[in-house]
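A closer look at the structure
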Amino acid sequence: MHYYNYSIFDFLKSKELKEIPFNIKNTPTIDQLGLIERAAKFRTRSIKKEAKIQGLKLALNMIDLTTLEGKDTVGKVRQMCYKAMNPHEGMNLPTVAAVCVYPNMVAVAKETLRDSGVKIASVATAFPSGMSNLKVKLEDTKMAIDAGADEIDMVISRGKFHQGEYNYVYDEIASIKEACGKARLKVILETGELGTADQVRKASDIAIYAGADFIKTSTGKISPAATMPVTLLMLEAIRDYYLKTGKMIGMKPAGGISDSKTALHYLVMLQETLGKEWMSNQWFRFGASRLANDIILQLLKQEKGIYQSGDYISKD
Amino acid sequence: MENRIEVLKTYKIYIGGKFPRTESGRYYKPTNSNGEVLGNICLSSRKDFRNAVVAARKAQGDWAGRSAYNIGQIIYRIAENLEGAKAQFVTLLMQEEGVSSAKAKEQVNQAIDRLIYYAGWSDKFQQIFSGVNPVSSSHFNFSMLESTGVVACLSDSDSNFLALVSAISSVIVGGNTMVIMAGENTPLTAITFAEIINNSDVPGGVINILTGKLPELEEHFATHMDVNSILYLGSDKKVIESIKNKSAENLKRVRVWDNKSILSSEFESPYSIKEFLEVKTTWHPIEQIGGASSGY
């Protein structure tokens, strides 16, 4: 079982690095069936007892607790921030990594979270469709940054991407990255709208080379959202980039990950694809709203030994 | 075709409208009173039970929110389909209980009648048990019945088909969903009945049926925090005491129906429905204008 301690860091030590200019033609094609089979393998790992508890706490600590709805209110966002800081009373749990909200809710989150260490991520760039011009998208980003966002989740222009205007997509990401300043930039590919694995790989490479700090699967508004095969494919894009340049990029699967078991399988996949250096919320996030509650239920089950009920933990 | 080899049926369990095998991969060989082996039957594990509770919880809101008329229609539809499969159930009962064809037929007929009986009560029991209460303040005060939620049902090893059908029909008519542990030695009719249920527009998850051994799962049924009520079809005093103790953690409602009571004709009563319903009382303020009394 040598690959459990596998680290691509070790591989890199023996390799000479050089800057490689981005060329879309260098993007490899993907063996989709192989990808699906490989991703399915991670689901066969069994994680129990102490390792399970550690894994669940790590997963909780990697969550971007998210509310991105038209009906979001100040009260709802505050409530979610309290939950982010203290997921469940009396359990000594880690906080989540960040809350993820719309730009106009950043100030509310900031005021509630204060110095708790929980970061504020804001979607921007005409989320979720991205159907606007660069000027508006820059303004949107600026609004979130000015309000105090630590991280920006932008969407790429999928229409332009399908039209083959890769330069436009690349330049747009680069411009937003510049507008982000110190804030970290997550680039949402919306893989459910890209169609094929090859397209996802292309978009991943564009985003990474254009300056993304994280690449993210989905907005959560389109189905399918995050799946294990598509996440694996993006992790491999991150690995290839790292092996060429020595630069780490983060990964954020988002949407549809709602149970603890799946979250643990994602962590297994992360460990076995990128290695332990990525196993923290600095480099990996779950975009989720319901996952936190399921993790709490499972941790309570581990603690008390009996199956738990959602009736006894807060809904949001 | 005289030499045709008969196709043997794989009996699986019923969770969330699907027929999976037990996740544990285990099986057991129940026997009837003549010592004949009934088949290889899924020996369900606590994880199957956990999955079944998740399915039952998910289905509960929608089921309780359906109109009484619709719930009645669906239960009636189960009866219709059971009528159509009568011959199959008679054969299974003869195999399972080692009884005569006449006895088996009588039991199936009674089961069908129970379904129709409770289907009929679906849009009537609420009026019988609900009412407006007189209070000495300006409030409109009324009480009505609500489902308790997820009902877990455990059966003794010899609990029969009629008891199972009686329990299902009287519990789901009130908007509850169920996770049922079939009798250890009567799994054939229980799982075949799941196929009837699955064909009768019952939403997936409203009724979930597991097969296996009661001593193995009894503890998990009784301690699960997301189970609201427990129904025990049997009379083992030790089991009853154990269920009552373990149910205390989240104050589950515990009911015990032994064979004698559930099989008797007196079981057919709206009070059986009420066993798994909770009374909700609402105080609604009434504005008093100019000394006028309320219209209620």
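Residues numbered from 1 in each chain as written. Chains lettered and ligands numbered in written order. Predicted model: local features only at pLDDT ≥ 70, side-chain atom pairs only at ≥ 80, totals over all residues. Heavy atoms only, no water.

Describing the overall build of chain B
In terms of regular secondary structure, chain B is built from eleven helices and ten strands. Here the C-alpha radius of gyration of chain B, 21 Å, is about what a compact globule of 296 residues would show, namely 19 Å. Principal axes of the C-alpha set define a box for chain B whose edges measure 90 × 40 × 30 Å. Taking all 296 residues of chain B together, the buried fraction comes to 50%. (Helix = DSSP H or I, 4+ residues; strand = E, 2+ residues; numbered from the N terminus. Rg over C-alpha atoms; globule rule 2.2 N^0.38 Å. Buried < 20%, exposed > 50% of the residue type's maximum accessible area, 1.4 Å probe, protein only.)

Considering the confidence of the model for chain A
Note: predicted coordinates in regions of low pLDDT should not be interpreted at a detailed level. Mean pLDDT for chain A: 93, with 93% of residues reaching 70 or above. At the level of individual helices and strands, chain A shows its lowest average pLDDT in helix α1 (residues 8–13) of chain A, which scores 66, and its highest in strand β7 (residues 250–252) of chain A, which scores 98. (pLDDT = per-residue confidence, 0-100.)

Looking at the pattern of salt bridges
Residues and elements named next belong to chain A. In the structure shown here, the tally under the stated rule is 31 salt bridges over all chains. Salt-bridge contacts for aspartate 153 lead to lysine 252; the nearest nitrogen and oxygen are separated by 2.9 Å. Here lysine 252 lies in strand β7 and aspartate 153 lies in strand β4 (residues 151–155), a separation of 99 residues in the sequence. A single burial state applies to aspartate 153 and to lysine 252, both of which are buried. (Salt bridge = Lys/Arg side-chain N within 4 Å of Asp/Glu carboxyl O.)

Some points on the interface of chain B and chain A
How big an interface is tends to be stated in terms of accessible area lost as the parts join. With ten residues of chain B at the contact, the number on the chain A side is nine residues. Where chain B touches chain A, the interface holds zero salt bridges. One can count three residue pairs in polar contact (both at pLDDT 80 or more) joining chain B with chain A. For the side of chain B that touches chain A, the elements supplying multiple residues, two or more each, are α1 (46–65) and α8 (214–223) of chain B. Residues that form the side of chain B that touches chain A fall into these classes: one nonpolar, four polar and five charged. (Contact = heavy atoms within 4.5 Å. Polar contact = N/O pair within 3.5 Å; in protein donor to acceptor, adjacent residues only side chain to side chain. Nonpolar A, V, L, I, M, F, W, Y, C, P; charged D, E, K, R; others polar.)

Observations concerning the packing of aromatic side chains
Applying the stated rule across the entire model yields 19 aromatic pairs over all chains. Relative to Tyr170(A), the ring of Phe22(A) has its centre 5.7 Å away and its plane inclined at 15°; by these criteria the two rings are stacked. Taken together, the residues Phe22(A) in the loop between α1 and α2 (32–42) and Tyr170(A) in helix α8 (residues 166–180) connect sequence positions 148 residues apart. We classify Phe22(A) as partly exposed; its relative accessible area is 27%. Ring centres of Phe129(B) and Tyr271(B) lie 5.2 Å apart, and the angle between their planes is 70°; this geometry places the pair in the edge-to-face category. Pair noted here: Phe129(B) is in helix α5 (residues 125–129) and Tyr271(B) is in helix α11 (residues 270–274), with a separation of 142 residues, a long-range link. Exposure remark for Phe129(B): the relative accessible area of 18% places this residue in the buried category. Its relative accessible area of 56% is what places Tyr271(B) among the exposed residues. One Lys or Arg, Arg184(A), reaches over the ring of Trp283(A) and ends 5.1 Å from the middle of that ring. Stacked on the ring of Phe214(A), the Lys or Arg Lys186(A) has its end atom at 5.9 Å from the ring centre. (Phe/Tyr/Trp six-rings, centres within 6.5 Å; stacked < 30°, edge-to-face > 60°. Lys NZ or Arg CZ within 6 Å of the ring centre and 35° of its normal.)

Observations concerning the side chain of Asn160(B)
Residues and elements named next belong to chain B. Counting through the fold element by element, asparagine 160 comes out in the loop between β5 (150–155) and α6 (161–172). In this structure the side chain of asparagine 160 is engaged in a polar contact, spanning 3.0 Å, whose partner is the backbone nitrogen of alanine 163. Contacts of asparagine 160, omitting those with residues within four sequence positions, involve Glu97, Gln107, Thr186 and Leu263.

Examining the sheet that holds strand β3 (residues 131–133) of chain B
Residues and elements named next belong to chain B. A sheet is described by the order of its strands in space; here three strands give the open sequence β3-β4-β10, paired in antiparallel fashion. Edge positions in the sheet fall to β3 and β10 (277–285), since each of these pairs with one other strand and no more. Shown here is a sheet whose adjacent strand axes are inclined to one another by a mean of 30°, direction ignored. Relative to β10, strand β4 (residues 139–147) is paired through nine bridges, and the arrangement is antiparallel. By the bridge assignment for β10, histidine 139 is matched with proline 285. (Pairing = 2+ DSSP bridges. Axes fitted to C-alpha atoms, helices over the stretch in contact; angles between N-to-C directions.)

So, the environment of Pro128(A)
Residue and element names in this part refer to chain A. For proline 128, the location among the structural elements is in the loop between β3 (119–124) and α6 (134–147). Distance in space between the C-alpha atoms of proline 128 and isoleucine 222 is 9.2 Å, their sequence separation being 94 residues. Sequence-distant contacts of proline 128, that is, excluding residues within four places in its chain, are made with Tyr102, Val155, Arg158, Thr219 and Lys221.

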